[in-house]
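# Inside the fold
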Amino acid sequence: MSSESSKKRKPKVIRSDGAPPEGKRNRSDTEQEGKYYSEEAEMDLRDPGRDYELYKYTCQELQRLMAEIQDLKSRGGKDVAIEIEERRIQSCVHFMTLKKLNRLAHIRLKKGRDQTHEAKQKVDAYHLQLQNLLYEVMHLQKEITKCLEFKSKHEEIDLVSLEEFYEEAPPDISKAEVTMGDPHQQTLARLDWELEQRKRLAEKYCECLSNKEKILKEIEVKKEYLSSLQPRLNSIMQASLPVQEYLFMPFDQAHKQYETARHLPPPLYVLFVQATAYGQACDKTLSVAIEGSVDEAKALFKPPEDSQDDESDSDAEEEQTTKRRRPTLGVQLDDKRKEMLKRHPLSVMLDLKCKDDSVLHLTFFYLMNLNIMTVKAKVTTATELITPISAGDLLSPDSVLSCLYPGDHGKKTPNPANQYQFDKVGILTLSDYVLELGHPYLWVQKLGGLHFPKEQPQQTVIADHSLSASHMETTMKLLKTRVQSRLALHKQFASLEHGIVPVTSDCQYLFPAKVVSRLVKWVTVAHEDYMELHFTKDIVDAGLAGDTNLYYMALVERGTAKLQAAVVLNPGYSSIPPIFQLCLNWKGEKTNSNDDNIRAMESEVNVCYKELCGPWPSHQLLTNQLQRLCVLLDVYLETESHDDSVEGPKEFPQEKMCLRLFRGPSRMKPFKYNHPQGFFSHR
Amino acid sequence: MERAVPLAVPLGQAEVFQALQRLHMTIFSQSVSPCGKFLAAGNNYGQIAIFSLSAALSSEAKEESKKPVVTFQAHDGPVYSMVSTDRHLLSAGDGEVKAWLWVEMLKKGCKELWCRQPPYRTSLEVPEINALLLVPKENSLILAGGDCQLHTMDLETGTFTRVLRGHTDYIHCLALRERSPEVLSGGEDGAVRLWDLRTAKEVQTIEVYKHEECSRPHNGRWIGCLATDSDWMVCGGGPALTLWHLRSSTPTTIFPMRAPQKHVTFYQDLILSAGQGRCVNQWQLSGELKAQVPGSSPGLLSLSLNQQPAAPECKVLTAAGNSCRVDVFTNLGYRAFSLSF
């Protein structure tokens, strides 16, 4: 207990020394320094490891003492209590030690924490400083970049190059001595010079503007003068009319025509100009005229202001008409069709006079919405023609100009763009309307200078004079030949229908004097009927029997033999020959598929037609072919070898002079007539 | 009855004339080149066209392969007969024989090597040459035609060595009997005559029309085609197609064909014939009709079998006649395609 109390007292003593009355604090502070028992200081001196050992030893002692006490207690006895008391005092001492150790531990801990805290504070301060500095650095860097990027407006101006500047600028601006060395000064000088130049140019601009104003005013004045001239010229022209008539120079009439021509649409205008030119230069028999109403043509092109007035009127009208019944869909479509197929009110008429005083009248129309030209044709002759039955189609206005050029049948519109237009209004093909509108042949388009390339549809009207000019002469010649050949055929048909083959005297040499076979029949045949014939299959398969051709059937007879000939007449007669296919009925039916000689006869007429052309313009081709056919039939029948097994004489005794009856592997008969010797031989 | 109508092409004068020419063309003769790859055809306008059989038969054949490689005007009159030697093509028409080099003909604008005319009796009309026959042993050519005579021409020197007279009307066809050697000729007078080449005399005459079994008076008596197999001979024309045993001059088999035949040939164990009518007829030796294969021409005038050993892939039968087409039969059973002028 004494040790305990001394131990207890020790700290207390010091502590109470440490707590003197307040007035003596200053002095006692210094005294305290010497006397103050600082547990902290002690702690610094002690070794934590040894304290830990002490702690372990103390715990062990306590345990031992407790164990001894328990022993003693369990043993019992008198001096047990003293022993126990002793041990108890020792335990208490040990407890004190433990307490001290605990305090020391706490103090150490606190010190450690304080130290850490301090260090941390320092680090935080440094950290903060670092952040501040970094932020400042960044800020400064930004400022630097801003400064570096700064572009002064003066750099956007395109200045003249340095050499030019030094050359052109006056010395007081360029100040070469100063500016050469100093780029800043140099730039300033250049800017100055730029300003100078701009000022000068602005002045010039103002000058030019005022000039322009002056000149415009002058032009106005002159225009007025000219427009006042026109009425005076007109009056002079009027006055000169009687003079013109007196001198037989109908300028006025031509002038009037040119006046009307101005209102023609471009393709018709091209045609008019080219035809008049051709007529004057090459062909006096061609006459050109313009027909139709000029007022209607003018009415097609109303100026825009009028149409605005019309719109307001028509609005008012529409309000009234909504009460009436709207026209039906069919009528609407019909109207649209009529609108699409509308013709320009003016048309050009060409009259071609041929040698025998027959005239071909051609009227050319222009379909505005479809941008194509069409033609209507009519043939008038000097004397009235009696039309034989078979010649009905020869001169009909519908077909007289068909296939003037090969393949140009005029039933389809040549402008590919029209197909789209037709689809909108439900027109299938133009051929339904050709009777009233005229035929849109390709040569008509070419005469009007309209060129339709095959692939692209045409949007703009390009009427080309050169195209028209190059075709004019050929087409006019072809038209004349066509009319003349048709008229010739017309006359020939009249004779053929009566069974006479009209052979002119200058073609007589092609045939022997005596021809016994006669032409008995000559009729027209429809295209479909021709195709149905069994002996025309080869021609149909070769594509030579189109629907633009005319078809006829001739019948030649001698005795019991009947020869049928189916004829294909191409509209391009007589440059394209008629084609014959034969069928002979005599002792069986013989055609080119079962008799080589019939094939040879066809060859004589079809392939060797050039001999039969006769004098140009070879209008005699068809009649010569027919006459040759009769001669061939004669030869065939007379040279037929006699069949010994059959009784009786030959039906056709041989009258023709032939050198040999058969020749070659196919045993051909002698079909070739030799003039003037008059015998037959083989080719 | 609606026939399929071909689209009418706009035809100018030249196209129409060309179309008419083609419609009326007759191919009279054919000949195969020594290499076996080309076929020459002669027509009634005097033109010769060379077709490339190897191109037309190859697997990449297009429409152009069926057209001639080259066409040229060979004679003024029709080319009735053609025959090929090792290097030459000999063509004959109106009275003259011309020779062409096969290798030269494939180039454009070739000219004939030589042109010969046999000595004719009459000068009023130039007689045609209907048949040419090569006699390899003598290296000579026999011509026969409109003047009723057979002329022999030596191919090396070009001179006319023999004239064989005997026919009373013009000669249609010739055949060679190799063993003897003898030449058979058939003519318009209805007789088949055998000539011995060494003695230049007529050895045997068979007047076909006098035999009742084969004569057909309504067709005439003319012999249009001949073929011989040394002991046997087949002939046709006006009379029926008949197989003859030569030594005994008796007809052994008569082939029941109504239409007159214009060409006949032995092939393996068959007899092929063609004439009026579309078909190529195949006969067994016994007289049975084995097959009738239709061609594209309404009548046939010549058959040609390409048996050249150098080109076995071009082994075909070609038939031509009254049209501008040559039918090619790769297999005797059907017509494969047609070459066309």
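Keep in mind that what you see is a predicted model, and the values were worked out from it rather than measured.

Turning our attention to helix α21 (residues 596-606) of chain A. Every α-helical turn comprises 3.6 residues, leaving residues that sit three or four positions apart pointing alike. For α21 of chain A, a buried count of 11 out of 11 residues is recorded, marking the element as mostly surrounded by other parts of the structure. Taken residue by residue, α21 of chain A has D596, N597, I598, R599, A600, M601, E602, S603, E604, V605 and N606 of chain A as its buried positions. Taken together, the buried residues of α21 of chain A touch β7 (561-569), β8 (579-585), β9 (589-591) and α22 (621-638) of chain A together with α1 (13-23) and β21 (261-267) of chain B. Its side-chain oxygen at 2.9 Å from the backbone nitrogen of N597 of chain A, D595 of chain A defines the N-terminal cap of α21 of chain A.

Attention shifts here to the interface of chain A and chain B. With 43 residues of chain A in contact, the opposing surface of chain B contributes 43 residues. Here chain A packs against chain B, burying approximately 3,700 Å² in sum over the two surfaces, 56% of which is carbon and sulfur. Contact with chain B buries area across many residues of chain A, yet R599, R663 and P665 of chain A alone supply 19% of it, more than any other trio. The tally of links from chain A across to chain B stands at five salt bridges. Of the charged contacts in the structure, one is a salt bridge between R663 of chain A and D94 of chain B, with a shortest N-O distance of 2.9 Å. Linking chain A with chain B are 15 residue pairs in polar contact (both at pLDDT 80 or more), by the criterion used here. Counting residues per element, the ones that place at least two in the side of chain A that touches chain B are α19 (527-532), α20 (537-541) and α21 of chain A. Considered class by class, the residues forming the side of chain A that touches chain B number 15 nonpolar, 14 polar and 14 charged.

To continue, consider the sheet that holds β9 of chain A. Residues and elements named next belong to chain A. What the five strands build is an open sheet, ordered β5-β6-β7-β8-β9; its pairing is antiparallel. Two strands in the sheet have a free side with no partner beyond their single neighbour: β5 (518-525) and β9. Pairs of neighbouring strands in the sheet enclose a mean axial angle of 20°, with direction left out of account. Pairing between β5 and strand β6 (residues 550-558): seven bridges, direction antiparallel. Across the sheet, residue V523 finds its bridge partner in β6, namely M553. Along the sheet face, helix α18 (residues 465-497) touches β5, β6 and β7 and points at about 125° away from the line of β5.

The next thing to look at is the sheet that holds strand β22 (residues 270-275) of chain B. Residues and elements named next belong to chain B. Spatially, four strands are ordered β21-β22-β23-β24 in an open sheet, and the strand pairing comes out antiparallel. The open sheet terminates on both sides in strands that have one partner only, identified here as β21 and β24 (289-294). Put simply, the sheet's adjacent strands are angled 20° from each other on average, direction ignored. Taken together, the five bridges between β22 and strand β23 (residues 279-284) define a ladder with antiparallel strand orientation. In the sheet register, L270 faces β23, and the bridge partner there is Q284.

A word on unusual backbone geometry. When glycine is set aside, most residues are seen to have a negative phi, and most peptide bonds are trans. All names here are of chain B. The phi torsion at A200 lies on the positive side, around 60°, for a residue other than glycine. Here A200 lies in the loop between β15 (191-196) and β16 (201-207). Overall, A200 belongs to the partly exposed group, its relative accessible area being 31%. The phi torsion at Q268 lies on the positive side, around 50°, for a residue other than glycine.

Residues and elements named next belong to chain B. Within strand β26 (residues 317-321), five of the five residues are buried, leaving the element largely enclosed by the surrounding structure. Side chains of β26 alternate between two faces, with L317, A319 and G321 and T318 and A320 buried alike. One ladder, built from five bridges, connects strand β25 (residues 300-305) with β26; its direction is antiparallel. Note on β26: the bridge partner recorded for L300 is G321. Here β26 folds back onto strand β27 (residues 325-329), and the loop between the two strands holds three residues.

In this fold, S681 of chain A is placed in strand β11 (residues 680-681). Other than its neighbours up to four places away in sequence, S681 of chain A contacts P670, F671, K672 and N674 of chain A together with E125 of chain B.

Over the atoms a probe the size of a water molecule is rolled, and this reveals where empty space is left. Looking at the second largest pocket, its volume works out to about 920 Å³. If you trace the second largest pocket, you find 28 residues lining it, with K590 and E640 of chain A together with H218, N219 and Q276 of chain B closest to the centre. Taken together, the residues of the lining of the second largest pocket break down into seven nonpolar, nine polar and 12 charged.

A full pass over the atoms with the stated rule returns 33 salt bridges over all chains. Across the pair R108 of chain A and D51 of chain A runs a salt bridge whose closest N-O atoms are separated by 2.6 Å. In this pair, R108 of chain A sits in helix α5 (residues 80-149) while D51 of chain A sits in helix α4 (residues 48-75), placing the two residues 57 residues apart along the sequence. The class for R108 of chain A is partly exposed, based on a relative accessible area of 23%. A salt bridge links E202 of chain B to R193 of chain B, with the nearest nitrogen and oxygen atoms 3.2 Å apart. The structure contains a network of salt bridges with shared partners spanning E61, R64, E68, E83 and R87 of chain A.

Quick look at the packing of aromatic side chains now. Two aromatic rings, taken as a pair, are described by how far apart their centres are and by the angle between their planes. Applying the stated criterion across every chain yields a total of 13 aromatic pairs over all chains. Seen in terms of ring centroids, F493 of chain A and W522 of chain A are 5.3 Å apart; in terms of plane orientation they differ by 65°. Their pairing is edge-to-face. One end of the pair, F493 of chain A, is in helix α18; the other, W522 of chain A, is in strand β5, and 29 residues separate them in sequence. Comparing F493 of chain A with W522 of chain A, the two get one shared label, buried. For the pair F51 of chain B and F341 of chain B, a centre-to-centre distance of 6.1 Å together with 80° between the ring planes defines the contact as edge-to-face. Note that F51 of chain B is positioned in strand β3 (residues 47-52) and F341 of chain B in the segment after β28 (337-340), a separation of 290 residues in sequence. Here F51 of chain B and F341 of chain B have matching classes, each one buried. Clustering of aromatic rings is evident, with ring pairs tying together F493, W522 and Y552 of chain A. One residue, R660 of chain A, lies across the ring of Y170 of chain B, its end atom 4.7 Å from the ring centre. The ring of Y209 of chain B carries R221 of chain B above its face, with NZ or CZ at 4.2 Å from the centroid.

Basis of the calculations
- Residues numbered from 1 in each chain as written.
- Chains lettered and ligands numbered in written order.
- Predicted model: local features only at pLDDT ≥ 70, side-chain atom pairs only at ≥ 80, totals over all residues.
- Heavy atoms only, no water.
- Buried < 20%, exposed > 50% of the residue type's maximum accessible area, 1.4 Å probe, protein only.
- Helix = DSSP H or I, 4+ residues; strand = E, 2+ residues; numbered from the N terminus.
- Contact = heavy atoms within 4.5 Å.
- Polar contact = N/O pair within 3.5 Å; in protein donor to acceptor, adjacent residues only side chain to side chain.
- Buried area = accessible area lost by both parts, 1.4 Å probe.
- Salt bridge = Lys/Arg side-chain N within 4 Å of Asp/Glu carboxyl O.
- Nonpolar A, V, L, I, M, F, W, Y, C, P; charged D, E, K, R; others polar.
- Pairing = 2+ DSSP bridges.
- Axes fitted to C-alpha atoms, helices over the stretch in contact; angles between N-to-C directions.
- 1 Å grid on protein atoms, 1.4 Å probe; cavity = no way out; pocket = protein on both sides within 12 Å on 5 of 7 lines; lining within 4 Å.
- Points joined across faces, edges and corners; volume = space filled by probe spheres on them.
- Phe/Tyr/Trp six-rings, centres within 6.5 Å; stacked < 30°, edge-to-face > 60°.
- Lys NZ or Arg CZ within 6 Å of the ring centre and 35° of its normal.

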